[in-house]
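So you can see what is in the structure, the chains are spelled out below.
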Amino acid sequence: MSGNSISHETVYLGNTGAQKKPLFRAKNVFVIVLISTLFLFPLLQLFTGNINYWLHMLLYTFMYIAMASSWNMIGGYAGYVSLGHNAFFAIGGYFSASLLAYAGISPFLTAPVAGLVVMAFGFLVGLISLRTSGPAFIISTIAMVLLIKISFDNWDFIGGADGISLPLIQLHIKWVKIPFYYGMLLIAMGAVYISFRIRHSKFGLGLRAISQDETKAEVAGVPTSLYKILAFAISGLFVGMAGGLWGYYLTYLRPTIFLNIIVAAKLVLMSVLGGKDTVTGPVVGAIIFIAINECFRTYLGFTELNIVATGLLMVLVLLFFPQGIVGTLKELGKLPQILDWD
Amino acid sequence: MTHLVQVLLLGITLGGMYALMASGLTLVFGVMRIVNIAHASFMMIGAYISYWAFKLYAVDPILSILISMPLMFLLGLVIYKFLFFKITGSPRYGELTVLLTFSLALIIEGILGFFFTNIYRSTNPSYATDSILFGPFYLPEGQVYATLSSMGLIVLLWTFLLTTRTGYAIRATMQNRAAAQVVGVNVELVSMVAFGIGIALAGASGSMIAYLFPFYPAKHWEWIAVLLSLIVLGGMGSLIGALIGAFALAISSAYVSFFVGPTWASVTFFLALFLILLIRPQGILGKKMEG
């Protein structure tokens, strides 16, 4: 994350931290240690008992970190709230799944392609729906999800509403989660890295200008339409990749699993909870949200109450902490250095 | 030819109901700039009120509007007071309202699901499955009653807006909030009342769909998508636009359902939505929207 030399844009953004750049600053060390730990973690499977539960929770968290960070590129930086990112998730999932079912190609190979396909799809949808802004844009993203849902429900090639079953990965139960773990970890790292790079680029600056005042940004020479559409498309990339792997992990895809509105709600909530418009916000938000959710599920068990809790949490955060955890801490000057990547 | 007219008639009988749902939604948007994603979940509450009134006390679903509307009106006032009072004047107001009502929809869905579980329900008064025949045509009796009552409520709404003082104030606030405030309209109070009315109308439509379409708590996502397409087509915040959008889409979806197949009928709404965004983002009668 620190290999690049000082770019013109970072200076322009007034990011003084980026100008010194010793490799072994505390927060770089933190990231290196964190990533190495995560890479070595599955080795525990060799020495201790079964850690499949933890592998599952971690890879699930990685997936949501990737998706929330991606959502943040358009919803946070550009301020265009999308409630339709699960359409990207579904398209990615089904793309890889049908290639596996009909051509036998492993989703681990096709997931990156799925990401690119979703990106192209996002670009096309963006051409239309980003002509609007504010509430109308949000509505158009909801419509996108429902349109995809109806099409998938009625498309026999991919199993329609009954869904499509995939062959299990041929590995011993002890190892079966590990490829998915590394896959999701890489996707999450990629998403956070791209999010970081966008945040510190002229592109990111343009997006944030759009979020502040689109007319002024346009007057100041920001190619607003192009930037918005690009941000929308890029935000689909990692969501699509995550979808490709997740479908294989579940070994069973149904439109209702992917195109459930709760999935989109989670992405928004995680980003807002952690702090949208920041690099680490969606990461923190995803981790905290999944932890809370898991406790809830363990102790209460009702999925309906889970939905209520999600909604209540969202209302409270929106009304009282619209800046989210990272944003609020930063405003108070209490944000730990390791979380400050803006 | 008979078929074409028959489908048109079916479309019109649906359109009246859509028009009522869309009126409430567009009223709330027009006065407060709130995109009420929870509108359809309020309809679900109305539907459950009717369902239990019918089941326990054998109250006719259309008459139960008299119960569901006042209850929903009060609920609307309370929700407005707690949720939207705080955020008026926030720089990201438009976006916040969508996210807040979205969360509200989740909360309502969860609560309904907790109490009434996720099974399909519907009330079945005697007229729910009957048809009125005339010449070569038929009309489903329940749908006709629902559309007629919907149109009745819309007429009442318009009379209220056009003749009473509060109605004037509501229309003034819809046209220009700041100017209305300058000439002495208590916009906060007007907003609260308008929100209540919007929710009450949602409750009334809920009572009607209770016997026409089977429902369960999460059903509202399908409805809200349809309703949003209606008001985007008509122009958000325009009451006449909502009527036009409702009838136009109800009739075209009836034709799609007839020629292409019932599963694709709802595609009409979303395709229309994308088309209108492409050609005329502000809708047929709408003013340009701002975030």
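Novice: What is the right way to look at the overall build of chain A in this model?
Specialist: For chain A, the helix and strand inventory stands at 17 helices and 2 strands. For chain A, the C-alpha radius of gyration of 20 Å lies close to 20 Å, the compact-globule estimate for 342 residues. Seen along its three principal axes, the alpha-carbon backbone of chain A occupies a region of about 50 × 50 × 40 Å. Residues counted as buried form 50% of the 342 residues belonging to chain A. For chain A, long-range pairs separated by at least 24 residues make up 78% of all intrachain contacts whose partners lie at least 6 apart in sequence.

Novice: What is the right way to look at the overall build of chain B in this model?
Specialist: A count of helical and extended segments in chain B gives 11 helices and 2 strands. In chain B, the succession of helices and strands from N to C terminus is α-α-α-α-β-β-α-α-α-α-α-α-α. Taken against the 2.2 N^0.38 rule, which gives 19 Å for 291 residues, the C-alpha radius of gyration of chain B at 19 Å falls within 12% of a compact globule. Along the first, second and third principal axes, the C-alpha set of chain B runs to 60 × 45 × 35 Å. Looking at chain B as a whole, 55% of its 291 residues qualify as buried. For chain B, the share of sequence-separated contacts (at least 6 apart) that also reach a separation of at least 24 residues comes to 77%.

Novice: How do you make sense of the interface of chain A and chain B when you look at a structure like this?
Specialist: A common way to express how large an interface is: the accessible area buried when the components associate. Contacts between the two partners involve 34 residues from chain A, matched on the other side by 35 residues from chain B. Of all the elements in the fold, those that place two or more residues in the side of chain A that touches chain B are α7 (107–129), α8 (134–153), α14 (261–274) and α16 (303–320) of chain A. Residues of the side of chain A that touches chain B, tallied by class, amount to 24 nonpolar, 8 polar and 2 charged.

Novice: I would appreciate a short explanation of the packing of helix α6 (residues 85–103) of chain A against α14(A) in the present structure.
Specialist: Geometry of a packed helix pair, given as the angle between the helix axes and the separation of the axes. Residues and elements named next belong to chain A. For the pair α6 and α14, the least separation of the axes is 8 Å and the interaxial angle reads 120°. Classed by the angle they form, the pair α6 and α14 counts as oblique. Relative to α14, the crossing made by α6 is right-handed. Here His85, Asn86 and Phe89 of α6 come into contact with α14, specifically with Val263, Ala264 and Leu267. Residues of the contact of α6 with α14, tallied by class, amount to 4 nonpolar, 2 polar and no charged.

Novice: Could you clarify how one ought to interpret helix α6 (residues 165–175) of chain B in this entry?
Specialist: Helical periodicity: at 3.6 residues per turn, an α-helix aligns residues three or four positions apart in one direction. All names here are of chain B. Buried residues of α6: Ala169, Ile170, Thr173 and Met174, and no others. With its buried residues spanning 140° around the axis, α6 presents them on a single face. Exposed positions of α6 whose direction lies more than 90 degrees from the buried face are Arg165 and Gln175. In this structure, the buried side of α6 is in contact with α1 (2–32), α5 (141–163), α7 (177–182) and α8 (187–212).

Novice: Please explain the pairing of strand β1 (residues 131–134) of chain B as it appears in this structure.
Specialist: A regular strand places its side chains on the two faces of the sheet in alternate fashion. Residues and elements named next belong to chain B. Here β1 pairs with strand β2 (residues 137–140) via 4 bridges, running antiparallel. By the bridge assignment for β2, Ser131 is matched with Pro140. A loop of 2 residues connects β1 with β2, the two strands running antiparallel in sequence, and Gly135 in this loop sits at a positive phi of about 55°.

Novice: What am I meant to see in helix α5 (residues 52–77) of chain A here?
Specialist: Residue and element names in this part refer to chain A. Compared with the 38 Å implied by 1.5 Å per residue over 26 residues, the 36 Å span of α5 between its first and last C-alpha is a close match. At Trp71, α5 is deflected by roughly 35°, the largest bend along its length. By the criterion of burial, α5 is predominantly enclosed, with 20 of the 26 residues buried.

Novice: What should I look at first to understand the nonpolar core in this one?
Specialist: Generally speaking, nonpolar side chains in soluble globular proteins are found buried as a group. Counting residues in hydrophobic clusters, the biggest one holds 204 residues, and the most contacted among them are A:Met184, A:Ala242 and B:Leu227. The greatest single-element share of this core, amounting to 16 residues, is contributed by helix α12 (residues 224–250) of chain A. Leaving out residues up to four positions away in the same chain, A:Met184 has contacts with A:Leu59, A:Phe62, A:Met63, A:Ala242 and A:Leu245.

Novice: What exactly am I supposed to notice about the confidence of the model for chain A here?
Specialist: Predicted coordinates in regions of low pLDDT should not be interpreted in detail. On average, residues of chain A carry a pLDDT of 87, and 93% of them reach 70 or more. Note on residues 1–18 of chain A: pLDDT under 50 across the span, and 21 contacts to partners over four residues away in sequence or across chains.

Novice: What's the story with unusual backbone geometry in this structure? I'm lost.
Specialist: Glycine aside, negative phi is the norm for most residues, and most peptide bonds take the trans geometry. Positive phi values are uncommon outside glycine, yet A:Thr251 reaches one of about 60°. Here A:Thr251 lies in the loop between α12 and β2 (252–253). Judged by the 14 C-beta atoms lying within 10 Å of it, A:Thr251 falls in the partly exposed class. Despite not being glycine, B:Ala58 has its phi angle at roughly 55°, a positive value. With respect to the helices and strands, the residue B:Ala58 is situated in the loop between α2 (39–57) and α3 (65–84).

Calculation rules
- Within each chain, residue numbers correspond to sequence positions counted from 1 in written order.
- Each chain is given a letter, starting from A, and each ligand a number, starting from 1, according to the order in which they appear as written.
- Thresholds applied to this predicted model are a pLDDT of at least 70 for local features of residues and 80 or more for the giving and counting of side-chain atom pairs; totals over whole chains, interfaces and linings are not thresholded and use all residues.
- Secondary structure elements follow DSSP: runs of H or I no shorter than four residues count as helices, runs of E no shorter than two count as strands, and numbering proceeds from the N terminus.
- Only the C-alpha atoms count toward the radius of gyration. The rule for a globule is 2.2 Å times the residue count to the power 0.38.
- Residues with at least 20 neighbouring C-beta atoms inside 10 Å of their own are called buried, those with 12 or fewer are called exposed, and the rest are partly exposed, where every C-beta is derived from the backbone.
- It is the C-beta atoms, placed from the backbone, that decide contacts: two residues are in contact if theirs lie within 7 Å.
- Gly counts as polar in this scheme, as do all residues outside two lists: the nonpolar Ala, Val, Leu, Ile, Met, Phe, Trp, Tyr, Cys and Pro, and the charged Asp, Glu, Lys and Arg.
- Axis lines are fitted to C-alpha atoms, over the contacting stretch for helices. Their N-to-C directions set the angle, which ranges from 0 to 180 degrees.
- Each angle gets one of four labels, with under 35 degrees taken as roughly parallel, over 145 as roughly antiparallel, 65 to 115 as roughly perpendicular, and the rest as oblique.
- Helix crossings get a hand from a simple test, with the near helix turned counterclockwise from the far one by less than a right angle marking a left-handed crossing and a clockwise turn marking a right-handed one.
- By construction, the arc corresponds to the directions joining the helix axis to the C-beta atoms.
- Only strands joined by at least two bridges in the DSSP assignment are considered to pair.
- In a helix, the anticipated span is given by 1.5 Å times the number of residues less one.
- Bend, at a single residue, is the angle you get between axes fitted to the 7 residues ending at that residue and the 7 residues starting at it.
- A set of buried Ala, Val, Leu, Ile, Met, Phe, Trp, Tyr and Cys residues, joined through C-beta atoms within 7 Å, is what we mean by a nonpolar core.
- pLDDT measures how confident the predictor is about each residue, on a scale from 0 to 100.

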